[in-house]
Each structure stands twice: as C-alpha cells, then as structure tokens.
Amino acid sequence: QLVTKLRQSLPADWTLEAVGVSGKRNLSHSLDELFARKIDWVWTQPDAGVYDASTVRALLLAALRRKVPVFGFSVAFVRAGALLGVGVSPELQGAQAAALTERVLKGALRETAAEQVGIEFAVNRAAAEKLGIELAPTLLERARYVFGWDRP
C-alpha cells in the first residue's frame, strides 16, 4: 500500500522502483536486483528486520561503488554515509508528548492541532564529494547536522 501511495504522489516523469527484502539474509540479492535497474536514488525506511550495522554498511558501500546517493531514515544513517536523511529529535518529541498529555488531562484535546514532531534534516558532505555531487549552500544552511567536515 505504501508503494502504491508513493507512486501516486510522484511527479508525472518520476518512477519508483521497489524491491522487496525479506530479512537480512536476502539483502545482498535485493541490492543486486535494485542496482541492476536504472535508479537515481535509494530511499530507505526504518525496518529492524532488515537494517543493522552490517546491512547499512553493505547498502552504503554498494551504492557508493555505483555512485548512487542514499536517503537515510535517521541521522545516524547519514553519519554512516548516506547523502541525506531525516531523524526525529527525541528531546522535542518528549516535550511535545508532555505538553499534549497536559492538555488532554485538562480536557483541552479538541483545541489541540496536530503536533509536529522535531524532524531533523542531515547531510553528509563527504558522501556528496565521493558521489561527485555539489551541495547547494542553502541546503547546508538548512541542515541541522552536516557530517563530513565542519560547517563552512
């Protein structure tokens, strides 16, 4: 269902190539299948059944060898070598949960709009350099975390 929704939301000239992975043992075969297709990016999602330190490393090395950028599902994934990614600030998420709980206990839940979780954007300059990608200064400015070198 997720793949169907994503395909429907893409611009008309974009395509989504999805490759199933049925666990960590299957990752190598799935990576071969994915990289055999003409892809511009690898987009990951959090899945403890697939990703651990060794499978993240395998994906990042395979993508780097083929000069394909990876969008990581966490800040740690970007630190490990993904070009871009997002993460959630546990501190902000906890503060928002406490504020929401307080409103619920006061009976003000109906007045509460949807809360935004603290999304943090990360970029890896070293990965960009290895991929031959020049990152726009505005992109670096917007990132909460910039890995690879100190901020300019």
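Report follows, based on the coordinates. (Residues numbered from 1 in each chain as written. Predicted model: local features only at pLDDT ≥ 70, side-chain atom pairs only at ≥ 80, totals over all residues. Heavy atoms only, no water.)

## Examining the overall build of the chain
Secondary structure summary: the chain contains seven helices and five strands in total. In the chain, the order of α-helices and β-strands from amino to carboxyl end is α-α-β-α-β-α-β-α-β-α-α-β. In the chain, once contacts between residues fewer than 6 apart in sequence are set aside, the share between residues at least 24 apart is 53%. Summed over its atoms, the accessible surface of the chain is roughly 10400 Å², and 54% of this surface lies on carbon and sulfur atoms. (Helix = DSSP H or I, 4+ residues; strand = E, 2+ residues; numbered from the N terminus. Contact = heavy atoms within 4.5 Å. Areas by Shrake-Rupley, 256 points an atom, 1.4 Å probe, with all protein chains shown as cover.)

## Digging into the packing of helix α2 (residues 27-36) against helix α3 (residues 53-65)
Between α2 and α3, the least distance of the axes is 11 Å, while the angle of their chain directions is 25 degrees. The angle between α2 and α3 falls in the class roughly parallel. α3 is crossed by α2, and the crossing has right-handed handedness. Each of Leu27, Leu31 and Phe35 in α2 lies in contact with α3, whose residues at this interface are Thr55, Ala58, Leu59, Ala62 and Ala63. Classifying every residue of the contact of α2 with α3 gives seven nonpolar, one polar and no charged. (Axes fitted to C-alpha atoms, helices over the stretch in contact; angles between N-to-C directions. Parallel < 35°, antiparallel > 145°, perpendicular 65-115°, else oblique. Left-handed = near helix turned anticlockwise from the far one by under 90°. Nonpolar A, V, L, I, M, F, W, Y, C, P; charged D, E, K, R; others polar.)

## A few points about the environment of Asn124
By the element assignment, Asn124 lies in strand β4 (residues 119-124). Among residues more than four places away in sequence, those in contact with Asn124 are Val78, Arg79, Gly81, Ala82, Leu83, Leu135, Phe147 and Gly148. At 3.0 Å, the side chain of Asn124 forms a polar contact with the backbone nitrogen of Ala126. (Polar contact = N/O pair within 3.5 Å; in protein donor to acceptor, adjacent residues only side chain to side chain.)

## So, the packing of aromatic side chains
Geometrically, a pair of aromatic rings is defined through the distance of the ring centres and the angle of the planes. Within this structure, the stated rule accounts for four aromatic pairs. With a centroid separation of 5.8 Å and 70 degrees between ring planes, the pair formed by Tyr51 and Phe77 is classed as edge-to-face. Highlighted residues: Tyr51 in the loop between β1 (42-43) and α3 and Phe77 in helix α4 (residues 75-80), separated in sequence by 26 residues. Taken individually, Tyr51 and Phe77 each receive the classification buried, so the pair is uniform in this respect. (Phe/Tyr/Trp six-rings, centres within 6.5 Å; stacked < 30°, edge-to-face > 60°. Buried < 20%, exposed > 50% of the residue type's maximum accessible area, 1.4 Å probe, protein only.)

## Things to note about the nonpolar core
Generally speaking, nonpolar side chains in soluble globular proteins are found buried as a group. If you look at the biggest cluster of nonpolar residues, it comprises 22 residues, and the most contacted ones within it are Phe35, Val42, Leu59, Val70 and Phe77. Broken down by secondary-structure element, the contributors of at least two residues to this core are α2, α3 and α4. A per-element tally of this core places α3 first, with five residues. Among the nonpolar cores identified, the runner-up in size contains ten residues, and Leu83, Ala127, Leu131 and Val146 belong to it. (Core = buried A, V, L, I, M, F, W, Y, C linked by side-chain atoms within 4.5 Å.)

## Here's the deal with the sheet that holds β1
Hydrogen bonds between backbone atoms are what pair the strands of a sheet, whose relative direction is either parallel or antiparallel. Taking strand neighbours across the sheet as the criterion, the five strands line up as β1-β2-β3-β4-β5 in an open arrangement whose pairing is mixed. The outermost strands of the open sheet, each flanked by one partner alone, are β1 and β5 (145-147). Relative to β5, β4 is paired through three bridges, and the arrangement is parallel. Counterpart to Ala122 in the pairing with β5 is Tyr145. (Pairing = 2+ DSSP bridges.)

## A few points about helix α5 (residues 90-105)
In this model, α5 (16 residues) spans 22 Å end to end at C-alpha, consistent with the 22 Å of a helix rising 1.5 Å per residue. Phi turns positive, to about 80 degrees, at Gly107, one or two residues after α5. (Expected span 1.5 Å × (residues − 1).)

## Quick notes on the pattern of salt bridges
Following the criterion strictly, the structure yields three salt bridges and no others. For Glu17, the salt bridge identified is with Arg37, shortest N-O distance 2.8 Å. Highlighted residues: Glu17 in the loop between α1 (2-9) and α2 and Arg37 in the loop between α2 and β1, separated in sequence by 20 residues. Residue Glu33 pairs with Arg37 through a salt bridge whose shortest N-O separation is 2.8 Å. Under the relative-accessibility criterion, Arg37 is labelled partly exposed at 27%. Via salt bridges that share partners, Glu17, Glu33 and Arg37 belong to a single interconnected network. (Salt bridge = Lys/Arg side-chain N within 4 Å of Asp/Glu carboxyl O.)

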